[in-house]
Amino acid sequence: MKAITRPITKTLIGLSLVAQFNVHAMDLRVDNVRVYQYESQSFSAPSSLYIDDGKIVNITKASSEKQQADKTFNAKNQFALSGLIDLHVHLGSSGSNFTEFQYLPVKSHFNANLYLGVTNIVDLFSFQQTLDEAEKLNATQLTPNLFYAGTLFTNPGGHGTQFGGSVYEISNDSDIDGLWQKHLATNPHLTKAVIETFGGTGSSLTDSQLAQLGERSKAAGLPYFVHVSTLADGKRAIKAGATALAHGINSEAIDDEFIALMKQNKVMYIPTLAVYHNHSDERHNHALSSQTELLKPVPNKLQGCLFENVPEPSKWKDHSWQARSIAYANIQQLHQAGVVIGTGSDAGNPYTLHGLGLHNEIDALKKAGLTNAQIIDAATINGAQAINQSNNIGQLATGFEASFILLEQNPIEDISAIHSISQVFKSGEQVNREKLIAENAAIEPQGPTCNKTAHSTTAQRFIDDFDGKSPWQGLSDAVMGGQSSVELTVNKHSLTINTAVAKPTNFGAWAGAEIKYPQPVDASAYTGVRLTYKGSTVPFALAIYHSDVKDWDNFSVLAKPSEQWRTIEIPFSEFKQFGFGNSVTWSAQKITGFNVMWRKMPGAANTILNNTLEIKEFSYY
């Protein structure tokens, strides 16, 4: 009796489910849609998509008998791709220049991504405030899926600390357990660690520390993304258990050992070409500002800050752009060897805008020589694989999230068709793209007015006459996460500057004071500056701010310490830039301020350097 009960029971259950399926109306039916099929890297014949509760529940031929749905949408033979995936974003930054930083709320970035069909984003470094803001938005409006690493792991004073806030700094292996528990408490979707020595000038996490993070990530079921920039660091990351490289090897050719390690360990390669190339491409070719359709969700002020009077890119970024053929060749070799490529933009960095950055990355992968279908896979199914979401997103199939974009033209024939999106659906809901544009247009970026054309005023002889109302402000690496400090004491006829320069980050350490003009002054009637001072135990820097310097590579000289009051006269001709930034032609007509600064270079001792300096005359001569 039992032997025949089971099949009868199964049959009855099956009939019940079929009856329920036929009676229950689906939420949405999308007719006459050509669905991308990654197995064949082609689009299907016109089909019908059945969507219920945000998921695809059935896909049938267009000629099949239609099942009931509450809403229907005629795609008119358009091409459907799964929602795009950006594997590297930073929601706390807007894509503005850091020297004229413009803050935008997470809402603006979510809207921009949805408008451009990016329905999944992976934030690789966010503070809790940003994640809380994102969570609140997700509860009240349609948003992209957010996967996050939260706080990153780095060496003391390493990359990540320059942005302020608290990061997971590992000094010793014994630190890892406590920091790991903090990491897990944030319910992360992945782990991010950093290997960055800035050209060998600083230290990084050790192989042991990297491996421990890899082992813990594997045990917790978390993907392990490692920030790298050099070939040697890429190999270290792979050996430590990285599942993906956040950034590629873009300025040196990879070798057979690297390729073999990537293949053997099944590591994904995420080159982030956009963040390396966008600034230079805009400066040289107006490549971003010409993308009118893709810029629609970007507030006008931010566009003005970026595209009016584009500053010179940093030397390393321009070098990377000039050497982009190396990055392209590396991608080709890896792909031909069977290494999986994913798309990440590093959106939030200057000239890498949210949403638009991923479209720029798609164009860069085309320049690198990938086929159109390979690029589609990189931005969809490969991205899902990178974050352990292969059963939920990245393709359009039964049981998967109903998030997709509709294109009038076939992107396999021309990948640029992916930039001309006609419709976006997120979890079965049609996105009101025009509303997203309107919402973002109403969001004013918070930050200074950019590209001001202020006329110089004539400089007065006294820069500061020390009458008891000091225009000086303290300045230290604390604004970038450092531990140095400064204290100013205003006297009737002098100023006392007390500094404590702490352990250096990979950007060094610094503390001092600055005086800034509300607009440039013309000091061309003078020869140089005169300073009367006493104090300090080591030489200190005196720098002139120049309106054309945008990267902190100011015109500077070194002044010697003095136990007695000392007056020095320094001609303008002796002030020189360090050389780490862009070269600027000196003009005494464009002075915007001065600073007095004590510094430690990267790699210097962690012992605190204390100095006291008194100034009682500061003038032009």
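Residues numbered from 1 in each chain as written. Predicted model: local features only at pLDDT ≥ 70, side-chain atom pairs only at ≥ 80, totals over all residues. Heavy atoms only, no water.

Q: I would appreciate a short explanation of the state of the cysteines in the present structure.
A: Covalently bonding the sulfur atom of one cysteine to the sulfur atom of another cysteine gives a disulfide. Under the defined criterion, the tally for this structure stands at one disulfide. Here Cys 305 pairs with Cys 450 through a disulfide, and the sulfurs are 2.0 Å apart. Every disulfide takes its handedness from the sign of the S-S torsion; for Cys 305 and Cys 450 that torsion is 80°, giving right-handed. A residue pair is termed long-range when its members are at least 10 positions apart, and Cys 305 in helix H9 (residues 300–307) and Cys 450 in the loop between helix H15 (433–441) and strand S18 (457–458) qualify at 145 residues. Taking the relative accessible area as the measure of exposure, Cys 305 reaches 5% and is therefore buried. (Disulfide = S-S within 2.5 Å. Helix = DSSP H or I, 4+ residues; strand = E, 2+ residues; numbered from the N terminus. Buried < 20%, exposed > 50% of the residue type's maximum accessible area, 1.4 Å probe, protein only.)

Q: Would you take a moment to explain helix H10 (residues 315–322) for this structure?
A: Side chains three or four residues apart in an α-helix point the same way, a direct result of the helix having 3.6 residues per turn. Buried within H10 are the following residues: Lys 317, Asp 318, Ser 320 and Trp 321. One face of H10 carries all of its buried residues, which in axial projection span an arc of 155°. Among the structural elements, helix H8 (273–285) and helix H11 (324–336) are those in contact with the buried residues of H10. (Arc of directions from axis to C-beta. Contact = heavy atoms within 4.5 Å.)

Q: Any chance you could explain a nonpolar patch on the surface here in plain terms?
A: Where nonpolar side chains cluster on the molecular surface, the patch consists of Phe 98, Phe 101, Trp 552, Phe 578 and Phe 580 and spans about 560 Å² of accessible area. Tracing the chain through its elements places Phe 580 in the loop between strand S27 (562–571) and strand S28 (591–600). (Patch = residues over 30% accessible without salt bridge, like charges linked within 9 Å, V, L, I, M, F, W, Y side chains within 5 Å. Areas by Shrake-Rupley, 256 points an atom, 1.4 Å probe, with all protein chains shown as cover. Salt bridge = Lys/Arg side-chain N within 4 Å of Asp/Glu carboxyl O.)

Q: It is not clear to me how H15 should be interpreted in this structure. Could you clarify?
A: Regarding H15, the residues found buried are Arg 433, Leu 436, Ile 437 and Asn 440. The buried residues of H15 occupy an angular sector of 100° when projected down its axis, which confines them to one face. Those residues of H15 hidden inside the fold are in contact with helix H2 (106–115) and strand S16 (421–426).

Q: What exactly am I supposed to notice about the packing of H8 against H10 here?
A: With their axes 8 Å apart at the nearest point, H8 and H10 run at an angle of 85° to one another. The orientation of H8 relative to H10 falls into the category roughly perpendicular. Along its contact with H8, which presents Val 275, Tyr 276, His 277, Ser 280, Asp 281, His 284 and Asn 285, the element H10 presents Trp 316, Lys 317, Asp 318, Ser 320, Trp 321 and Gln 322. In the contact of H8 with H10, the residues fall into four nonpolar, six polar and three charged. (Axes fitted to C-alpha atoms, helices over the stretch in contact; angles between N-to-C directions. Parallel < 35°, antiparallel > 145°, perpendicular 65-115°, else oblique. Nonpolar A, V, L, I, M, F, W, Y, C, P; charged D, E, K, R; others polar.)

Q: Teacher, can you tell me more about the nonpolar core here?
A: In summary, soluble globular proteins display a tendency toward joint burial of nonpolar side chains. Leu 213, Leu 245, Phe 258, Met 262, Tyr 269 and Leu 334 are the most contacted members of the largest nonpolar core, which has 86 residues in total. In contact with Phe 258, other than residues within four places in its own chain, are Leu 231, Gly 234, Lys 235, Ile 238, Leu 245, Ile 249, Tyr 269 and Leu 334. Listed in part, the 38 residues of the second largest apolar core include Leu 495, Ala 509, Phe 555 and Ile 591. (Core = buried A, V, L, I, M, F, W, Y, C linked by side-chain atoms within 4.5 Å.)

Q: So what exactly am I meant to see when it comes to the pattern of salt bridges here?
A: Pairing is possible between side chains of opposite charge, provided their charged atoms come close. Applying the stated criterion across every chain, the model contains 16 salt bridges. Between Arg 236 and Asp 233 there is a salt bridge whose closest N-O contact spans 3.8 Å. With Arg 236 and Asp 233 both in helix H6 (residues 231–239), this residue pair falls three residues apart, about one helical turn. A salt bridge links Glu 569 to Arg 530; the nearest nitrogen and oxygen atoms lie 2.5 Å apart. Here the residue Glu 569 occupies a position in strand S27, and Arg 530 occupies one in strand S24 (residues 528–535), the gap between them amounting to 39 residues. For Glu 569, a relative accessible area of 44% puts it in the partly exposed group. Beyond isolated ion pairs, a larger network of salt bridges with shared partners links Lys 235, Lys 239, Asp 255 and Glu 257.

Q: Looking at this structure, how should I read the confidence of the model for the chain?
A: Low pLDDT marks stretches whose predicted atomic positions should not be read closely. For the chain, per-residue confidence averages 92 on the pLDDT scale, and 94% of positions sit at 70 or higher. Throughout residues 1–21 the model reports pLDDT below 50, and contacts reaching past four residues in sequence, or to other chains, amount to four contacts. (pLDDT = per-residue confidence, 0-100.)

Q: Got a minute to help me understand the packing of aromatic side chains in this structure?
A: What describes a pair of aromatic rings is the distance from one ring centre to the other and the angle between the planes of the rings. Under the definition given, this model contains 18 aromatic pairs. Note on Phe 125 and Phe 127: the rings are 5.1 Å apart at their centroids and 75° apart in plane angle, and the pair reads as edge-to-face. What makes Phe 125 buried here is its relative accessible area of 10%. Relative accessible area serves as the criterion here: at 27%, Phe 127 is assigned to the partly exposed category. Relative to Phe 425, the ring of Phe 404 has its centre 4.7 Å away and its plane inclined at 15°; by these criteria the two rings are stacked. Of the two residues, Phe 404 is situated in strand S15 (residues 404–407) and Phe 425 in strand S16; the sequence distance between them amounts to 21 residues. Take Phe 404 and Phe 425: they sit in the same class, and that class is buried. One aromatic cluster in this structure is built from Trp 472, Tyr 517, Tyr 526, Phe 555, Phe 572, Trp 586, Phe 594, Phe 618 and Tyr 620. Looking at Arg 433, its charged tip hangs above the ring of Tyr 115, at a distance of 4.0 Å from the centre. One cation-aromatic arrangement involves Arg 461 over Phe 462; the distance from NZ or CZ to the ring centre is 4.3 Å. (Phe/Tyr/Trp six-rings, centres within 6.5 Å; stacked < 30°, edge-to-face > 60°. Lys NZ or Arg CZ within 6 Å of the ring centre and 35° of its normal.)

Q: Would you mind going over the sheet that holds strand S8 (residues 145–148) with me for this structure?
A: Two orientations exist for strands paired in a sheet by backbone hydrogen bonds: parallel and antiparallel. Taken in spatial order, the three strands make up an open sheet running S6-S7-S8, and their pairing is parallel. Unpaired on one side and paired on the other, strand S6 (84–89) and S8 mark the two borders of the sheet. Here the strands of the sheet are splayed against their neighbours by 20° on average, with no regard to which way each runs. Where strand S7 (residues 118–123) lies against S8, four bridges are found, and the strand directions are parallel. The partner of Asn 120 across the bridge, within S8, is Asn 145. The strands that helix H12 (residues 356–367) touches are S6 and S7; relative to S6, the one it contacts most, it runs at about 100°. (Pairing = 2+ DSSP bridges.)

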